[in-house]
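# Breakdown of the fold
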Amino acid sequence: MADASHEKYVDTILQTIADAAKVRGTGIARRTHEYVTTKMREAKAVIALEGDRFAGFSYIETWGNKQYVTTSGLIVHPDYRGRGVAKRIKELTFSLARTRWPHAKIFSLTSGAAVMKMNTELGYQPVTFADLTDDEAFWRGCEGCCNVDILKRTGRKYCICTAMLYDPEEHLPAKIPQEVIERIQSIDGEFKGSED
């Protein structure tokens, strides 16, 4: 998991995301340096490194009074693609979300077939945008995407992305690896008193 010691990678993460958006020609919501740094400090991010080299990243965020969690910003540096890094990061952010907010619905918006496949393997189901959070702060995050005009034109009913949702009520009891539970408990102990 990422923490404050990983802040030196934020510019590389943001550049990797921007480069991927250009290559794909599809929407990837832009995030600020401060936003990504905050996710690291709040223990709401996963970073993959090979030694000191950046390999991949993703983060989680809560919405709608913590009734929903997104796993977002999944990116793998081009030098590490095709090695299973994205899948491992996705599994870790999913476990992190399930551990910290076990009753929250977890969702993902994606236009990528690989992420759809990973989501499906984790138990996500395709849903309509109406099944997602109505938290306006979440939807403002789409403003940085090149496809936001579609989202606005359709009254937030459709876009290029596919909405996928994991409902924990359909998957009880949760099966979370013990190592993940222990790591979350140690991090939560460090951040006791801070807001989730």
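Scroll up for the structure.
Since the model is a prediction, treat every value here as computed from it, not as a measurement.

## As for the packing of aromatic side chains
- This model, assessed by the stated rule, comprises 10 aromatic pairs.
- Aromatic pair Phe-138 and Trp-139: ring centres 4.9 Å apart, planes at 85°, arrangement edge-to-face.
- By relative accessible area, Trp-139 is classed as buried at 5%.
- Put simply, the rings of Trp-63, Tyr-68, Phe-107, Phe-129, Phe-138 and Trp-139 pair up and form one aromatic cluster.
- One residue, Arg-31, lies across the ring of Tyr-35, its end atom 5.2 Å from the ring centre.
- Here the basic side chain of Lys-39 rests over the ring of Tyr-35, its NZ or CZ set 5.0 Å away from the ring centre.

## Observations concerning the sheet that holds strand E3 (residues 68-76)
- Taken in spatial order, the 6 strands line up as E1-E2-E3-E4-E6-E5 in an open sheet, and their pairing is mixed. At either end of the open sheet lies a strand with only one pairing partner, and these are strand E1 (45-50) and strand E5 (125-127). On average, each strand axis in the sheet is inclined to that of its neighbour by 25°, with strand direction left out of account.
- Pairing geometry for E1 and strand E2 (residues 53-63), over 6 bridges, is antiparallel. In the sheet register, Leu-49 faces E2, and the bridge partner there is Phe-54.

## Considerations on unusual backbone geometry
- Even without being glycine, Asn-65 reaches a positive phi, approximately 55°.
- Structurally, the position occupied by Asn-65 is in the loop between E2 and E3.
- Not every positive phi belongs to a glycine, and Arg-156 is a case in point at roughly 65°.
- When you line up the elements, Arg-156 lands in the loop between helix H6 (148-153) and strand E6 (162-166).

## Comments concerning the packing of helix H3 (residues 85-100) against helix H4 (residues 113-122)
- Orientation of H3 relative to H4, taken along the N-to-C sense of each, is 45°, at an axis distance of 11 Å. One finds that H3 runs oblique with respect to H4. The handedness of the crossing between H3 and H4 is right-handed. Judged by residue contacts, Ala-86, Lys-87, Lys-90, Glu-91 and Phe-94 of H3 engage Val-115, Met-118, Asn-119, Glu-121 and Leu-122 from H4.
- For the contact of H3 with H4, the residue count by class is 5 nonpolar, 1 polar and 4 charged.

## Focus: the pattern of salt bridges
- One pass over the structure, following the stated rule, counts 12 salt bridges.
- When the shortest N-O distance is used, the salt bridge between Lys-152 and Glu-143 registers 3.2 Å.
- A network of salt bridges, in which partner residues are shared, links Lys-39, Glu-42, Lys-44 and Glu-61.

## Concerning the packing of helix H1 (residues 10-24) against helix H2 (residues 33-41)
- At a closest axis distance of 10 Å, the pairing of H1 and H2 adopts a crossing angle of 120°. Of the possible angle classes, the one that applies to H1 and H2 is oblique. Where H1 crosses over H2, the handedness of that crossing is right-handed. Judged by residue contacts, Val-10, Asp-11, Ile-13 and Leu-14 of H1 engage His-33, Val-36, Thr-37 and Met-40 from H2.

## Points about the environment of Val-148
- Note on placement: Val-148 falls in helix H6.
- Taking C-alpha positions, Val-148 is 7.8 Å from Cys-159, a pair spaced 11 residues apart along the chain.
- Setting aside anything within four residues of it in sequence, one finds Val-148 in contact with Cys-142 and Glu-143.

## Thoughts on the pairing of strand E4 (residues 105-110)
- Pairing of E3 with E4 involves 3 bridges; the strand directions are parallel. Bridge pairing links Tyr-68 to Lys-105 in E4.
- In terms of handedness, the path from E3 via H3 over to E4 forms a crossover that is right-handed.
- Sheet analysis places E4 next to E6, joined by 5 bridges and oriented antiparallel. Each residue of the ladder has a partner; that of Thr-110, found in E6, is Thr-162.

About the thresholds
Residues numbered from 1 in each chain as written. Predicted model: local features only at pLDDT ≥ 70, side-chain atom pairs only at ≥ 80, totals over all residues. Heavy atoms only, no water. Phe/Tyr/Trp six-rings, centres within 6.5 Å; stacked < 30°, edge-to-face > 60°. Buried < 20%, exposed > 50% of the residue type's maximum accessible area, 1.4 Å probe, protein only. Lys NZ or Arg CZ within 6 Å of the ring centre and 35° of its normal. Pairing = 2+ DSSP bridges. Helix = DSSP H or I, 4+ residues; strand = E, 2+ residues; numbered from the N terminus. Axes fitted to C-alpha atoms, helices over the stretch in contact; angles between N-to-C directions. Parallel < 35°, antiparallel > 145°, perpendicular 65-115°, else oblique. Left-handed = near helix turned anticlockwise from the far one by under 90°. Contact = heavy atoms within 4.5 Å. Nonpolar A, V, L, I, M, F, W, Y, C, P; charged D, E, K, R; others polar. Salt bridge = Lys/Arg side-chain N within 4 Å of Asp/Glu carboxyl O. Right-handed = clockwise from strand over helix to strand, strands pointing away.

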